[in-house]
Amino acid sequence: MRSITKLIALLVLFGLLVLIRAFENQLFYDPYLNFFKNDYLYIDNPRREVFKVTLFTALRYFLNSIISLGIIFILFKDRSMIKFSALIYVLSFFVLLTFFLYFVINPKQEDYYIFFNIRRFLIQPILLLLLLPAFYYDQLKFKKH
């Protein structure tokens, strides 16, 4: 892929991640958006529809994951990295969603902070921020040998 095409593709994909974040209130049902913007450690859990919030959280995770896999593919052009990343995303989804559901169904004020962070991994492309430097380092290390 030519570098200008690669750059444009990366800008579009990163732009999509930004748009998902910018329009999160319009695109996704998430009563926790306002909850965590306030002083959540001292207020009650918001009213929510468990199935709906889980569905929209999963949708957001899926969209971020697909876009993130596209970014990884464009940057590294390595199918084994894509397979590994997809596996990480799938395993992380099930582990994180299990904890997410526990905290949604059993809200306790003392658990809000850990719930906030688990939810953050589901709704933001944090795994991409972890995988990119790891793959870059791996690529540098591999070239030296």
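Everything below is about the structure printed above this text.
Quick caveat: nothing in here was measured; it's all calculated off a predicted structure. (Residues numbered from 1 in each chain as written. Predicted model: local features only at pLDDT ≥ 70, side-chain atom pairs only at ≥ 80, totals over all residues. Heavy atoms only, no water.)

A.B. asks: Which residues make up the side chain of Asn 64, and what values go with them?
C.D. replies: For Asn 64, the location among the structural elements is in helix α4 (residues 50–76). Beyond its immediate chain neighbours, meaning those up to four positions away, Asn 64 contacts Leu 17, Ile 20, Ile 123, Gln 124 and Pro 125. (Helix = DSSP H or I, 4+ residues; strand = E, 2+ residues; numbered from the N terminus. Contact = heavy atoms within 4.5 Å.)

A.B. asks: Please set out the pattern of salt bridges residue by residue, giving values where relevant.
C.D. replies: In the structure shown here, the tally under the stated rule is two salt bridges. With its nearest N and O atoms 3.9 Å apart, the salt bridge here joins Arg 21 to Glu 24. Given a relative accessible area of 6%, Glu 24 falls into the buried group. For the salt bridge of Glu 24 with Arg 60, the shortest nitrogen-to-oxygen distance reads 2.7 Å. Of this pair, Glu 24 sits in helix α2 (residues 24–27) while Arg 60 sits in helix α4; the two residues are 36 residues apart in sequence, bridging distant segments of the chain. Taking the relative accessible area as the measure of exposure, Arg 60 reaches 2% and is therefore buried. Several salt bridges converge on common partners, so that one network encompasses Arg 21, Glu 24 and Arg 60. (Salt bridge = Lys/Arg side-chain N within 4 Å of Asp/Glu carboxyl O. Buried < 20%, exposed > 50% of the residue type's maximum accessible area, 1.4 Å probe, protein only.)

A.B. asks: So what's going on with empty space enclosed by the protein? Residues and values would help.
C.D. replies: Tallied over the entire structure, the rule returns one cavity of 30 Å³ or more. By volume, the largest cavity is sized at about 40 Å³. In terms of lining, the largest cavity is formed by Tyr 61, Asn 64, Ser 65, Tyr 89, Phe 121, Gln 124, Pro 125, Ile 126 and Leu 127. Of all the secondary structure elements, the ones that give two or more residues to the lining of the largest cavity are α4 and α7 (126–144). Here the lining of the largest cavity gets three residues from one element, more than from any other, and that element is α4. (1 Å grid on protein atoms, 1.4 Å probe; cavity = no way out; pocket = protein on both sides within 12 Å on 5 of 7 lines; lining within 4 Å. Points joined across faces, edges and corners; volume = space filled by probe spheres on them.)

A.B. asks: Give me the lowdown on the nonpolar core, citing residues and values where you can.
C.D. replies: Within the largest apolar cluster, 31 residues are counted, with the highest numbers of intra-cluster contacts made by Ile 71, Ile 72, Tyr 89, Phe 100, Leu 122 and Leu 128. Mapped onto this core, the elements with two or more residues apiece are α1 (3–22), α4, α5 (79–105), α6 (112–123) and α7. The residues contacting Ile 72, other than those within four sequence positions of it, are Lys 77, Ile 82, Ser 85, Leu 128, Leu 131, Leu 132 and Phe 135. (Core = buried A, V, L, I, M, F, W, Y, C linked by side-chain atoms within 4.5 Å.)

A.B. asks: Any chance you could break down the side chain of Ser 68 for me, citing the residues and the numbers?
C.D. replies: Considering the arrangement of structural elements, one finds Ser 68 in helix α4. In this structure Ser 68 comes out as buried when scored by relative accessible area, which is 1%. In contact with Ser 68, not counting residues within four places along its chain, are Tyr 89, Pro 125 and Leu 128.

A.B. asks: Any chance you could break down the packing of aromatic side chains for me, citing the residues and the numbers?
C.D. replies: Using the criterion set out here, one finds eight aromatic pairs in the structure. Look at Phe 76 and Phe 135: their rings are 5.9 Å apart centre to centre, the planes differ by 75 degrees, and that puts the pair in the edge-to-face class. Placement of Phe 76 in helix α4 and of Phe 135 in helix α7 is noted, with a sequence separation of 59 residues between them. Each member of the pair, Phe 76 as well as Phe 135, carries the same accessibility label: buried. (Phe/Tyr/Trp six-rings, centres within 6.5 Å; stacked < 30°, edge-to-face > 60°.)

A.B. asks: Got a sec to walk through unusual backbone geometry? Specific residues and values, please.
C.D. replies: Leaving glycine out, the prevailing phi sign among residues is negative, and the prevailing peptide bond configuration is trans. The phi angle at Lys 77 is positive, at roughly 50 degrees, despite the residue not being glycine. Looking at the secondary structure, you find Lys 77 in the loop between α4 and α5.

A.B. asks: Please give an account of α4 that cites residues and values.
C.D. replies: With 27 residues, α4 ought to run about 39 Å at 1.5 Å a step, and its terminal C-alpha atoms sit 38 Å apart, in line with that. One or two positions beyond α4, positive phi appears at Lys 77, with a value near 50 degrees. (Expected span 1.5 Å × (residues − 1).)

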